[in-house]
Amino acid sequence: MAQRSFGNKSTIKKLNTVADYLSFYTRALPDRFRLNYFDAFAGTGEIPHGDSLPLFEGMADLATVIEGSARKSLKIPLPFDRYFFSDVKRSHVIELNNLKDEFPKLAPRIHIRSGDANQLVNDYCQQEITSNDRTVFFLDPYGNQVQWSTIRAISETSGSDLWYLFPAGLGVVRQLSSKATVREEAENSLNQLFGDNSWYEAFTAPAEQLDWIDQSDDQRRKIATADAVTRFMIKKMKTIFKGIVLDDWLPLGKQGGHWYSLIFACSNQSNPARELAGRVARDIMRRK
């Protein structure tokens, strides 16, 4: 059964962006490194395709499907040394294990993991990465599942690249009402997403500073847009990544909406490595 998606055009653009980068990555890095790909929200390997997607996961098999990120990564010309695919849903993990039968030559390189993506990525960063490892991470959550601690863990590795589908519109802007109020559970989610509560000051403003609204009943109002939220996250990521975090991002969403932002970061401190990674990632995004 295919997993859910938020729109065919944006989904294809997202998947092709990452796949193009993976193809570059395995060609560009020297043989002395062990190359790893970690897809932390791998789903099932298939995604519904079509402008009118099913509203419920149980209806997903009614839609035409396209190749998901896991399957596309296994089809790049020069393979990675190790593939890590994880998902929290048991049914998705079962489907991911079937990829070993579909790609028998790569089966010994494929590692399927079940559990919370944040814990799995943190464990990998702290326990499995050596100085000889180079890893591309792809974080493609349904919403606000990625915690700031996970982004930090990746940033603290010595040779990792990150593609992060950041839920700027759906996961952040929509959580704030026009009067700058936010439900308790949404506030907790945003605190985990950004690592602290600094987002509130950034995404709201005192009513007296906004001439275009009625100031009679509230002290603050929402000023957040998906673009502004993305810039805020990029600024925060730059404080922890020692390599590069691109100011460019790929806005994605259904029917022209800006729901997500595909962000690229590199933890490698080597000037040639980070400059090459940033240039290629930027060029790929601009072609989409």
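This one's a predicted model, so the numbers in the text were calculated from it and none came from an experiment.

Draft legend 1. Here's a closer look at unusual backbone geometry. Backbone geometry places Ala180, a non-glycine residue, at a positive phi of 70°. Turning to its location among the elements, Ala180 is positioned in the loop between α7 (168–172) and α8 (184–194). On the accessibility criterion, Ala180 (5% relative accessible area) is buried. Of note, Gln255 is a non-glycine position whose phi angle comes to about 55°, a positive value.

Draft legend 2. Up close: the pairing of strand β6 (residues 133–139). Along β6, seven of the seven residues are buried, which leaves the element largely enclosed by surrounding structure. Residues Asp133, Thr135, Phe137 and Leu139 line one face of β6 and the alternating positions Arg134, Val136 and Phe138 line the opposite face, and both faces are buried. Sheet topology places strand β1 (residues 34–39) next to β6; six bridges connect them, and they run parallel. Pairing of Phe38 across the sheet is with Phe137, part of β6. Where β6 meets strand β7 (residues 160–166), five bridges bridge the pair, whose relative direction is parallel. Looking at the pairing, Val136 lines up with Asp161 of β7.

Draft legend 3. Structural view of the packing of helix α5 (residues 117–127) against helix α6 (residues 148–155). Where α5 meets α6, the axes come as close as 9 Å, and the angle between the chain directions of the two elements is 20°. The angle between α5 and α6 places the two elements in the roughly parallel class. The element α5 and its partner α6 pack so that their crossing is left-handed. Along the contact surface, α5 presents Asn118, Val121, Asn122 and Cys125, while α6 presents Ser149, Thr150, Ala153 and Ile154. Among the residues making up the contact of α5 with α6, the classes are represented as four nonpolar, four polar and no charged.

Conventions adopted
- Residues numbered from 1 in each chain as written.
- Predicted model: local features only at pLDDT ≥ 70, side-chain atom pairs only at ≥ 80, totals over all residues.
- Heavy atoms only, no water.
- Helix = DSSP H or I, 4+ residues; strand = E, 2+ residues; numbered from the N terminus.
- Buried < 20%, exposed > 50% of the residue type's maximum accessible area, 1.4 Å probe, protein only.
- Pairing = 2+ DSSP bridges.
- Axes fitted to C-alpha atoms, helices over the stretch in contact; angles between N-to-C directions.
- Parallel < 35°, antiparallel > 145°, perpendicular 65-115°, else oblique.
- Left-handed = near helix turned anticlockwise from the far one by under 90°.
- Contact = heavy atoms within 4.5 Å.
- Nonpolar A, V, L, I, M, F, W, Y, C, P; charged D, E, K, R; others polar.

By themselves, these figures tell us nothing about what the structure is for.
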